[in-house]
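One letter stands for each residue in the lines below.
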Amino acid sequence: MGINLLKRIGLSIFVLFGLSILIFFISRVVPGDPARLALGPRAPEWAVENLRQEMHLDKPLYVQYALWLNGFVHGDLGKSLVTRRPVTTDIKEFLPATLEIVILSAIVLLVGGVFLGIISAKFTNTWLDGLIRIISYLGIVSPAFVWAIIFVLIFGYALPIFPTMERLSPGVTAPPTVTGMYTVDSLLAGDMSTFVDAFKHLVLPAIALAMGGMAQAARITRSSMLDNMGKDYIAAEKAYGIPEGLVFVKYLLKPSLIPTVSVASLDIAALFGNAFLVELIFNYPGFSRYGITAMLNKDLNAIAGVIMILGIIFVTINIIIDFIVAYLDPRIGLAGR
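Residues numbered from 1 in each chain as written. Predicted model: local features only at pLDDT ≥ 70, side-chain atom pairs only at ≥ 80, totals over all residues. Heavy atoms only, no water.

1. Some points on the overall build of the protein
Per the secondary structure count, the protein includes 13 helices and zero strands. Reading the secondary structure of the protein in the N-to-C direction produces α-α-α-α-α-α-α-α-α-α-α-α-α. A buried classification covers 43% of the 337 residues belonging to the protein. Total accessible area on the protein is roughly 17600 Å²; 70% of this is exposed by carbon and sulfur atoms. (Helix = DSSP H or I, 4+ residues; strand = E, 2+ residues; numbered from the N terminus. Buried < 20%, exposed > 50% of the residue type's maximum accessible area, 1.4 Å probe, protein only. Areas by Shrake-Rupley, 256 points an atom, 1.4 Å probe, with all protein chains shown as cover.)

Below you can see the structure in the form of structure tokens.
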């Protein structure tokens, strides 16, 4: 297990190195002068030239990449042209906000998707199965931003039980920063009223973001369980007199979750990239919104920093999911097979 983990980490570093080359050169060959965009069309040429030199844009691309990579290895991602702050400072501020949404969204996606899939498979070809299938189709075909707009209209006007803007309500003071996640920090500070307020601000963005993945997980779980129900080993377990509940959980549900977990892992990793429209609609100051703002303004250091952080998150989640899948089905060997 340890050797396999080291192999996966080594491969992940290789992938991240390739990603850094790709995103660095793509961001720099896109038309547009970042220094001119940052200073505006009326800035004097000498000021623009000074900023180009400060950003090393006057040097060859391979030299720029070497300088950037050296800074990245030492935790220095450069300065953002939009916020005028170090990119690492921006990431420390915005990433925890998006992490809160994605963690809650992942829980909703997995728990909701598996639960709906089990109910749909257990009551297959009934009205309940049909209702869940319709909900699943709606979830799959509707992008997250559509659900976000619907939630804003419903809970912002007709049913105002959940807030639809920002991370905290007006008048609520942010807790002392420990992790940057308001829910966690308020719990650490023992401030339950702030925790409840921060959590209520997460509910709608998280559900909107999870709808597509949850619907897909429900469909995959249902299909996998129905397929395994007809297998000979299930009939054999029942013939041996093994309790129905044990057969269901251990011999039917557990192997049926393998495709669900595999696909859901990709969905969860993609939530970070898909969250930008949801964050824009809920005016939520998160990492994804910061990333899209950087791309629109050709903020080179911020773009590279955001993409690398997303890459690290993506490979980390995939390593974790590989081990979960190996636990669910020991036949899927990870040790050098």
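2. Side note on the pattern of salt bridges
As enumerated under the stated definition, the model contains nine salt bridges in all. In this structure, Arg52 and Glu45 form a salt bridge, with 3.3 Å as the shortest nitrogen-oxygen distance. Given a relative accessible area of 46%, Glu45 falls into the partly exposed group. The shortest N-O distance in the salt bridge between Arg167 and Glu100 comes to 2.9 Å. A residue pair is termed long-range when its members are at least 10 positions apart, and Arg167 in the loop between helix H7 (144-158) and helix H8 (182-188) and Glu100 in helix H5 (residues 87-122) qualify at 67 residues. The exposure class assigned to Arg167 is buried, which follows from its relative accessible area of 8%. For Glu100, a relative accessible area of 6% gives the class buried. (Salt bridge = Lys/Arg side-chain N within 4 Å of Asp/Glu carboxyl O.)

3. Digging into the UniProt feature "domain: ABC transmembrane type-1" (unreviewed entry) in the protein
As annotated by UniProt and renumbered to match this structure, "domain: ABC transmembrane type-1" (unreviewed entry) occupies residues 95-325. Between the C-alpha atoms that bound residues 95-325 there is a distance of 28 Å. The span itself is 80% helix and 0% strand. (UniProt positions renumbered as here; feature names shortened; annotations may be inferred.)

4. Some points on helix H11 (residues 244-281)
For the α-helix, the turn length of 3.6 residues means that residues three or four positions removed from each other point alike. Look at H11: only 47 Å from first C-alpha to last across 38 residues, short of the 56 Å you get at 1.5 Å a residue. Asn283, located one to two residues past H11, shows a positive phi value of around 50°. (Expected span 1.5 Å × (residues − 1).)

5. Quick word on the nonpolar core
Ile91, Phe151, Leu209, Phe282 and Phe287 are the most contacted members of the largest nonpolar core, which has 59 residues in total. Every element with two or more residues in this core is listed here: H5, H7, helix H9 (192-229), H11, helix H12 (287-296) and helix H13 (300-328). Setting aside residues up to four positions removed in sequence, Phe287 forms contacts with Ile91, Phe94, Leu95, Thr98, Glu279, Val306, Ile309 and Leu310. (Core = buried A, V, L, I, M, F, W, Y, C linked by side-chain atoms within 4.5 Å. Contact = heavy atoms within 4.5 Å.)

6. What to know about unusual backbone geometry
Even without a glycine there, the phi angle at Arg84 is positive, about 60°. Residue position: Arg84 is located in the loop between helix H4 (61-73) and H5. Residue classification places Arg84 among the partly exposed positions, given a relative accessible area of 43%. Although it is not a glycine, Asn283 adopts a positive phi angle of roughly 50°. With a relative accessible area of 29%, Asn283 lands in the partly exposed category.

7. Things to note about the packing of H5 against H9
It is at 5 Å that the axes of H5 and H9 come closest, and there the two elements cross at 35°. Where H5 crosses over H9, the two elements pack in a sense that is right-handed. (Axes fitted to C-alpha atoms, helices over the stretch in contact; angles between N-to-C directions. Left-handed = near helix turned anticlockwise from the far one by under 90°.)

8. Considerations on H7
With 15 residues, H7 ought to run about 21 Å at 1.5 Å a step, and its terminal C-alpha atoms sit 21 Å apart, in line with that. Among all positions in H7, only Ala144, Trp147, Ala148, Phe151, Val152 and Phe155 are buried. The arc that holds every buried residue of H7, seen down its axis, measures 140°, which confines them to one face. Exposed residues on H7 whose side chains face more than 90 degrees from its buried face are Leu153, Tyr157 and Ala158. On the buried face of H7, the contacting elements are helix H6 (127-141), H9 and H11. (Arc of directions from axis to C-beta.)

9. Description of the side chain of Thr194
Looking at the element boundaries, Thr194 is found in helix H9. The residues touching Thr194, leaving out its near neighbours within four places in the chain, are Leu168, Val172, Thr173, Pro175 and Ser186.

10. Thoughts on the packing of aromatic side chains
Geometrically, a pair of aromatic rings is defined through the distance of the ring centres and the angle of the planes. Under the counting rule described, the total for this entry stands at eleven aromatic pairs. These aromatic residues form a ring-pair network of at least three members: Phe24, Phe25, Tyr65, Trp68 and Phe72. Sitting over the face of the ring of Phe248, Lys122 holds its NZ or CZ atom 5.1 Å from the ring centroid. Stacked on the ring of Tyr182, the Lys or Arg Arg167 has its end atom at 3.7 Å from the ring centre. (Phe/Tyr/Trp six-rings, centres within 6.5 Å; stacked < 30°, edge-to-face > 60°. Lys NZ or Arg CZ within 6 Å of the ring centre and 35° of its normal.)

11. Regarding the packing of H5 against H12
It is at 7 Å that the axes of H5 and H12 come closest, and there the two elements cross at 135°. On the basis of their axis angle, the class for H5 and H12 is oblique. Of H12, the residues touching H5 (which contributes Val87, Asp90, Ile91, Phe94, Leu95 and Thr98) are Phe287, Ser288 and Tyr290. Looking at side-chain class alone, the contact of H5 with H12 contains six nonpolar, two polar and one charged residues. (Parallel < 35°, antiparallel > 145°, perpendicular 65-115°, else oblique. Nonpolar A, V, L, I, M, F, W, Y, C, P; charged D, E, K, R; others polar.)

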